[in-house]
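Structure at a glance
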Amino acid sequence: MMKNDYKYDSFGNLDADYYVEKAYELRRAYYAAAFKKIKASVKAFFANLTANRSMKSAPQH
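Owing to the predicted nature of the structure, the values given are computational and were not obtained by experimental measurement.

A word on the overall build of the protein chain. Across its full length, the protein chain holds one helix and zero strands. Put simply, the protein chain has 61 residues, and 2% of those count as buried. Entry remark: accessible area of the protein chain is about 6,300 Å², with carbon and sulfur atoms responsible for 63%.

Overall, the coordinates contain three aromatic pairs when judged by the stated rule. On the numbers, 4.9 Å between centres and 85° between planes, the contact of Y18 with Y19 is edge-to-face. For Y18, a relative accessible area of 31% corresponds to the partly exposed category. Just above the ring of Y18 sits the side chain of K7; from NZ or CZ to the centre is 5.2 Å.

On the surface, a nonpolar cluster with roughly 500 Å² of combined accessible area is contributed by Y6, Y8, L14, Y18 and Y19. Checked against the element boundaries, Y8 lands in the segment before α1 (16–57). Overall, Y8 belongs to the partly exposed group, its relative accessible area being 39%.

Tallied over the entire structure, the rule returns two salt bridges. A salt bridge links E21 to R28; the nearest nitrogen and oxygen atoms lie 3.2 Å apart. Residue classification places R28 among the partly exposed residues on the basis of a relative accessible area of 48%. Put simply, K22 and E25 hold a salt bridge, and the shortest N to O gap is 3.7 Å. Within this pair, K22 and its partner E25 are both found in helix α1, separated by three residues, close to a single helical turn. A residue is classified by how much of its surface remains accessible, and K22, at 33% relative accessible area, is partly exposed.

Procedures and definitions
- Residues numbered from 1 in each chain as written.
- Predicted model: local features only at pLDDT ≥ 70, side-chain atom pairs only at ≥ 80, totals over all residues.
- Heavy atoms only, no water.
- Helix = DSSP H or I, 4+ residues; strand = E, 2+ residues; numbered from the N terminus.
- Buried < 20%, exposed > 50% of the residue type's maximum accessible area, 1.4 Å probe, protein only.
- Areas by Shrake-Rupley, 256 points an atom, 1.4 Å probe, with all protein chains shown as cover.
- Phe/Tyr/Trp six-rings, centres within 6.5 Å; stacked < 30°, edge-to-face > 60°.
- Lys NZ or Arg CZ within 6 Å of the ring centre and 35° of its normal.
- Patch = residues over 30% accessible without salt bridge, like charges linked within 9 Å, V, L, I, M, F, W, Y side chains within 5 Å.
- Salt bridge = Lys/Arg side-chain N within 4 Å of Asp/Glu carboxyl O.

See below:
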């Protein structure tokens, strides 16, 4: 029998539940990272917008 790193259930079948849970875990991590990146981009956009607006409203000497 060939040795591999796959996970099997008690019946000797590939453990689908294990791999489905692993996929959910990876997807959650991906979405968390993507959301964090989007949040930072939106925050930077509004910070930049506010900075530009306050510079324009400052009196010119």
